[in-house]
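Notes for the structure review
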Amino acid sequence: MRPNETIVALSTASGVGALSVIRLSGTKAFVIIDALLKKPVSNKPTHTVCLRGIYDEQGLIDEAVITIFHEGKSYTKENVVEISLHGSEYIAQRTLLALLKAGAVMAEPGEFTQRAFLHGTLDLAQAEAVADLIAAEHKFAHENALKQLKGGFSDDIKSLRERLLHFTSLIELELDFGEEDVEFASRSELKDLVIDIRQKVDELRDSFTLGNALKKGFALVLAGRPNAGKSTLFNALIKDEKAIVSDIAGTTRDAIDERIAIGDVWVRLIDTAGIREATDAIEREGINRTFKHIESSGATLYLFDPSLMSVEEVLKDLSEISEKSERIWVIANKLDHFKGDLSIYNSVFEKYGGLSLKGISALDVSQVSELRSQLAMQFTEDVRRISDQTIVTNARHSHSLDACSNELQQILDGMEMGLSGDLLSFHLRTGIKELASITGEIDNEEVLSKIFSSFCIGK
Ligand SMILES: Nc1nc2c(ncn2[C@@H]2O[C@H](COP(=O)(O)OP(=O)(O)OP(=O)(O)O)[C@@H](O)[C@H]2O)c(=O)[nH]1
Ligand SMILES: [Mg+2]
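Residues numbered from 1 in each chain as written. Chains lettered and ligands numbered in written order. Predicted model: local features only at pLDDT ≥ 70, side-chain atom pairs only at ≥ 80, totals over all residues. Heavy atoms only, no water.

**What about the pattern of salt bridges?**
In the structure shown here, the tally under the stated rule is 23 salt bridges. The partner of E258 in a salt bridge is K242, with the nearest N and O atoms 2.6 Å apart. Here E258, found in strand β8 (residues 256-262), pairs with K242, found in the loop between α8 (230-238) and β8; they are 16 residues apart in sequence, far enough to count as distant. A relative accessible area of 28% places E258 in the partly exposed class. The network of salt bridges with shared partners includes R198, D202, R205, D206 and D402. (Salt bridge = Lys/Arg side-chain N within 4 Å of Asp/Glu carboxyl O. Helix = DSSP H or I, 4+ residues; strand = E, 2+ residues; numbered from the N terminus. Buried < 20%, exposed > 50% of the residue type's maximum accessible area, 1.4 Å probe, protein only.)

**Remarks on the layout of surface pockets**
The volume enclosed by the largest pocket comes to roughly 860 Å³. Contributing to the lining of the largest pocket are 34 residues, with D206, S207, F208, T209 and L210 lying nearest its centre. Elements with a contribution of two residues or more to the lining of the largest pocket: α6 (152-176), α7 (187-216), β7 (218-224), α9 (281-296) and α12 (365-386). Per-element accounting of the lining of the largest pocket gives the leading share, 11 residues, to α7. For the lining of the largest pocket, a count of residues per class yields 10 nonpolar, 11 polar and 13 charged. A domain split of the lining of the largest pocket shows at least three residues from each of domain 2 (137-212 + 394-440) and domain 3 (218-386). (1 Å grid on protein atoms, 1.4 Å probe; cavity = no way out; pocket = protein on both sides within 12 Å on 5 of 7 lines; lining within 4 Å. Points joined across faces, edges and corners; volume = space filled by probe spheres on them. Nonpolar A, V, L, I, M, F, W, Y, C, P; charged D, E, K, R; others polar. Domains from an automatic or database assignment.)

**Observations regarding the domain arrangement of the chain**
When the domains of the chain are assigned, the result is domain 1 (7-123), domain 2 (137-212 + 394-440) and domain 3 (218-386). Relative placement of domain 2 and domain 3: their C-alpha centres are 41 Å apart. Carbon and sulfur atoms supply 63% of the area that domain 2 and domain 3 bury against each other, a total of about 660 Å² over both sides. Along the contact surface separating domain 2 from domain 3 lie zero salt bridges. Where domain 2 meets domain 3, there are zero residue pairs in polar contact (both at pLDDT 80 or more). In terms of residue class, the side of domain 2 that touches domain 3 is made up of two nonpolar, one polar and three charged. (Buried area = accessible area lost by both parts, 1.4 Å probe. Polar contact = N/O pair within 3.5 Å; in protein donor to acceptor, adjacent residues only side chain to side chain.)

**Some words on the coordination of the magnesium ion (ligand 2)**
Coordination of the magnesium ion (ligand 2) by the protein is provided by S231 (OG) and T252 (OG1), with metal-donor distances spanning 2.0 Å. Taken together, the residues S231 in helix α8 and T252 in the loop between α8 and β8 connect sequence positions 21 residues apart. (Donors = N, O, S within 2.8 Å, 3.2 Å for Na, K, Ca; no water.)

**Concerning the sheet that holds strand β9 (residues 265-271)**
Pairing within the open sheet is mixed, and its five strands lie in the order β8-β9-β7-β10-β11. Of all the strands in the sheet, the pair left with one neighbour each is β8 and β11 (328-332). Adjacent strand axes in the sheet meet at a mean angle of 25°, parallel and antiparallel pairs treated alike. The sheet contact formed by β7 and β9 spans five bridges and is parallel. Within β9, the residue paired with F218 across the bridge is V267. The strands touched by α8 are β7, β8, β9 and β10 (299-304); relative to β9, the strand with the most contacts, the crossing angle is about 150°. The sheet strands contacting helix α10 (residues 311-322) are β7, β10 and β11, and the helix crosses β10 at an angle near 165°. (Pairing = 2+ DSSP bridges. Axes fitted to C-alpha atoms, helices over the stretch in contact; angles between N-to-C directions. Contact = heavy atoms within 4.5 Å.)

**Here we look at α9**
The terminal C-alpha atoms of α9, which comprises 16 residues, lie 23 Å apart, in line with the 22 Å expected from a rise of 1.5 Å per residue. For α9, the elements touching its buried residues are β7, β10 and α10. You can read the cap of α9 off the contacts: a side-chain oxygen lies 3.0 Å from the backbone nitrogen of I282, and it is on D280. (Expected span 1.5 Å × (residues − 1).)

**Brief notes about the environment of L269**
Considering the arrangement of structural elements, one finds L269 in strand β9. For the pair formed by L269 and L412, sequence separation is 143 residues and the distance between their alpha carbons is 42 Å. L269 has contacts with L220, L222, F234, L237, I238, I256, D257, E258 and I260, leaving out every residue within four places of it along the chain.

Structure below.
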């Protein structure tokens with residue numbers, strides 16, 4: 001942090017656009033902008049918008065719209081100037097250069113938001129939400145970032161922290177009384193409180209798996225025996241011929257993925273090597289990878305050819321897959337070939353089903369589109385189910401929640417063993433510190449610089 005410097009950056013993406021916006025923030029922001037103007041703006045009230053010619057030593061650079069925000073009334077809480085220029089790269093660069101010559105320094109990535117955080121406009125979780133908002137590519141990511149920016153998540157964390165703090169102070173009061181045998185903090189109340197808070201902390205931590213999937217794209221694995229038609233369906237869903245399709249069993253060796261929008265969410269669709277007894281080392285490695293993908297993904301779409309597979313064979317595959325994946329949807333493929341009755345697989349669909357559609361032909365566009373709508377319904381249901389809950393989408397938050405949960409567990413274990421007040425207080429303090437690190441209420445230079453360096457310059 002360099003509080004005495006006035007920082008400057010191009011806040012819009014570089015390249016040609018209708019407008020370019022340059023932002024200045026710091027004590028000398030008004031002096032610096034005045035140096036480029038024939039008529040000052042520094043004497044204007046906050047939130048004034050002025051039209052001014054901008055000059056450097058060579059002459060007029062552009063006619064610009066300048067907005068000024070006074071200290072305390074701006075995003076960074078410092079004097080801020082926003083200069084809207086015509087969107088030429090040349091104009092933007094020449095103006096930047098003139099501002100640097102007048103005394104500004106180039107902003108680091110995220111430095112404006114870092115200043116906003118340090119001056120209390122936002123807490124750390126909200127500052128991170130700014131980066132998420134900028135990166136939001138779809139409805140869920142946008143809504144969640146907005147909720148976090150408005151402070152909903154921070155409020156939840158703060159209230160958990162305050163409840164723990166209250167008890168910690170009671171326990172520490174006991175310690176102050178030393179030898180005297182007083183108990184301000186009822187142990188049974190403490191136990192109930194820790195159990196309750198731990199449950200909430202765990203719920204938040206566990207929401208990360210879904211939150212992260214919804215933010216980055218839900219991973220959906222296409223799995224099944226060789227020749228089931230996985231790659232055919234993959235190509236049909238992504239509307240491209242990315243995967244090689246052939247009637248040779250074992251065509252797909254390595255997984256291929258592609259991000260597509262299904263309903264309101266992004267889905268990372270993964271086509272995998274068919275599952276069977278491998279015929280060579282390369283195929284074996286491909287199948288290992290299939291299982292790794294199944295394990296790390298949110299859901300598996302299992303495809304089988306009912307003309308070739310008995311109920312027992314399907315159940316055998318699915319029982320193996322269900323060891324790695326909690327969510328499996330089963331679809332029979334190549335129905336255009338199938339002469340039998342799909343109801344013989346009813347026991348399979350009852351156990352693993354999930355979709356009302358039981359079978360398709362991956363070659364039939366309208367059936368693939370029906371499958372796509374059913375998947376969309378499933379994903380939309382996920383989003384709806386969690387839309388009024390606080391969802392953690394940030395790995396750093398999830399990690400701190402996990403560490404806090406461990407401390408709370410230590411307290412519960414410790415109370416069983418009659419742990420002393422000072423050790424209880426130690427674990428409580430450590431747990432509180434973990435929660436505080438989410439909203440940035442403890443100082444940690446390293447964490448801060450890591451977070452803000454992932455921002456874009458000018459934000
Ligand atoms: N008739 C018919 N043929 C299909 C259908 N889906 C796929 N096929 C054919 O089945 C063969 C195998 O399809 P792929 O998509 O390569 O199968 P895969 O599951 O990816 O197979 P591996 O990569 O070997 O695991 C190809 O000849 C496809 O054209 C379908 O719904 N109906
Ligand atoms: Mg394939």
